[in-house]
Structure formats: C-alpha cells, structure tokens
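# Fold and contact review
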Amino acid sequence: MRIRRGYPNSRALFDVQNIGSQGAAPHFTCIENAVRLMTLAVTGYRVVMLLLLAGVGIGLIVFQSALIAPLIRKTLDPPLTGKVLRSLWPKFFLILTGVGTVFTLVHFVSDPDNLFLGVIFGLLVVGFPLIAYLIIPATEKARDSGNDRLFALLHRLSVILTVLVLLAYIVAAALALS
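On a predicted model such as this, the values are computed, not experimentally measured, just so you know.

In this structure, the largest pocket spans a volume of roughly 630 Å³. Put simply, the parts of the chain that give the lining of the largest pocket at least two residues each are α1 (30-75), α2 (78-110), α4 (136-145) and α5 (148-177).

Put into structure tokens, the structure is as follows:
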C-alpha cells in the first residue's frame, strides 16, 4: 500500500491506493476509509450490544422461570412461597421491561433505517413485560378470592407474554448475527 500526497482529484489530503494487485484495484481516499472503518465499528458495537441485551433477557427469563420459581415452590412452605413469589415476579417484570427499553433504544440508535423492526421488537420486549407487570394485582386478587378460573386465565396470559418475549429475544439475537 502506498500513500500519495497531494493527488489532484482527491477529496482528502491523503489518497490510499493498493499497488501491485491484479487488475484495477479499488481506490478509496483516507476519509472514505475512515468512514468505512467507523461503519464497521458501529456495526460491530450494535451487534455486540444487541446480543448482550438479548442474552440478558433470555438469561433472566430462563433463570427466573426454569430455576428460581420451581425451586421456591419445592423448598418453601405454601404461605411463605406465596409471599416470596409475590415479591419476586413484579421485580422480574420490571427488570425485563428495563432491559427491553435499553434493547429498543440501542436498536433505534444503531439501526434507524429499520424502524419497523425496531417498533415490533419494542412492542414485544417492552410492552409485553409491562402488561404482565400490570396484571399482577388482578392475578393476586383472583387467587386470594378463590376465583381459580380468572387466576388461571391471567396466569396463562403472563406465561404466554413471557414466552413471546423470550422468542423475540431469540429472533433478535439471530437477526443480529445474520
């Protein structure tokens, strides 16, 4: 690679040209090279941040749903189990909403051209945990009043919303890698 100074048709002070390659080599100015490198750096940052946040969301959901909740049900007595789970699930959904908010903001900032996908992911990873959080009081009231049918419906709704958030993060991670 040879640097030529003062090339008359250059938009930059320096002009970089590959010398010795077969055929016509691509010709980029230093400014164009810098822009290309910055684009690669931003793309790499976007991918890393989206993968990290999707991994945090996936990890939270799997850890809470598959490990913590069943462990609490198996090891604690029923009155204490209810108190612990009623304290734990609201925090879980709020943390999941926070992670989803950051994920959505990173997606909007790093990929503003793909607005539709950002809105869809935003609705899924922010809206669904927020809805699950907001139905917790009704779910607890249904359980306390003995309305098993309403409790089962609301509980099923929160499970479905959580599974959809999990799937959204998996799809987002797959899209970030492609």
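Once that is clear, we can look at helix α3 (residues 115-134). Over its 20 residues, α3 extends 27 Å from the first C-alpha to the last, a length consistent with the 28 Å expected when each residue adds 1.5 Å. The largest bend along α3 reaches roughly 30° and is located at G127, with the proline P129 sitting one to four residues downstream. Restricting attention to buried positions, one finds in α3 the residues G118, F121, G122, V125, V126, F128, P129 and A132. In this structure, the buried residues of α3 make contact with α2, α4 and α5.

This paragraph deals with the pattern of salt bridges. Counted by the stated rule, this structure contains one salt bridge. Of the charged contacts, one joins R86 and D144 as a salt bridge, the two residues approaching to 2.6 Å between their closest N and O atoms. Of this pair, R86 sits in helix α2 while D144 sits in helix α4, and the two are 58 residues apart along the sequence. Judged by relative accessible area, which is 31%, R86 ranks as partly exposed.

What follows deals with the confidence of the model for the chain. Per-chain confidence: the chain averages 82 in pLDDT, with 76% of residues scoring 70 or above. Low pLDDT, under 50, characterises residues 1-21; the stretch is placed with 38 contacts to residues that sit more than four places away or in other chains.

This part covers the packing of aromatic side chains. All chains considered together, the criterion is met by five aromatic pairs. Measuring from ring centre to ring centre gives 5.5 Å for F103 and Y169, while their planes differ by 85°; the resulting arrangement is edge-to-face. Of this pair, F103 sits in helix α2 while Y169 sits in helix α5, placing them 66 residues apart in sequence. In this structure, F103 and Y169 share a single accessibility class: buried. Each member of the aromatic cluster is reached from another via a ring pair, and the members are W89, F92 and F93. Taking NZ or CZ as reference, R143 lies 4.0 Å from the ring centre of F151, over its face.

Rules behind the numbers
- In every chain, residue numbers begin from 1 and rise along the written sequence.
- pLDDT decides what is reported in this predicted model: residues at 70 or higher carry local features, side-chain atom pairs at 80 or more are listed and counted, and totals for whole chains, interfaces and linings draw on all residues regardless.
- Hydrogens and water are ignored here; the side-chain numbers use all heavy atoms of the structure.
- Here a cavity denotes grid points, spaced 1 Å and computed from the protein atoms alone, that fit a 1.4 Å probe unable to get out, and a pocket denotes an open set having protein on both sides within 12 Å along at least 5 of 7 lines; residues with an atom within 4 Å of a point are the lining.
- Grid points are joined across faces, edges and corners, and a volume is the space filled by probe spheres set on the points.
- In DSSP terms, a helix is any run of H or I states spanning at least four residues, a strand is any run of E spanning at least two, and both are numbered starting from the N terminus.
- Each helix should span, by expectation, one fewer than its residue count multiplied by 1.5 Å.
- Note that the bend at a residue is defined as the angle between axes fitted to the seven residues ending at it and the seven residues starting at it.
- For each residue, the accessible area found with a 1.4 Å probe, counting protein chains only, is set against the maximum for its type, and the residue is called buried under 20%, exposed over 50%, and partly exposed in between.
- Every residue pair with non-hydrogen atoms within 4.5 Å of one another is taken to be in contact.
- Every case where a carboxyl oxygen of Asp or Glu lies within 4 Å of a side-chain nitrogen of Lys or Arg is listed as a salt bridge.
- The predictor attaches a confidence to each residue, called pLDDT, with possible values from 0 through 100.
- Pairing of aromatic rings covers Phe, Tyr and Trp, the last counted by its six-membered ring, and requires centre-to-centre distances within 6.5 Å; plane angles under 30 degrees mean stacked, over 60 mean edge-to-face, and any other angle means tilted.
- As a reminder, the over-ring test applies to NZ of lysine and CZ of arginine, requiring each to be within 6 Å of the ring centre and within 35 degrees of the ring normal.

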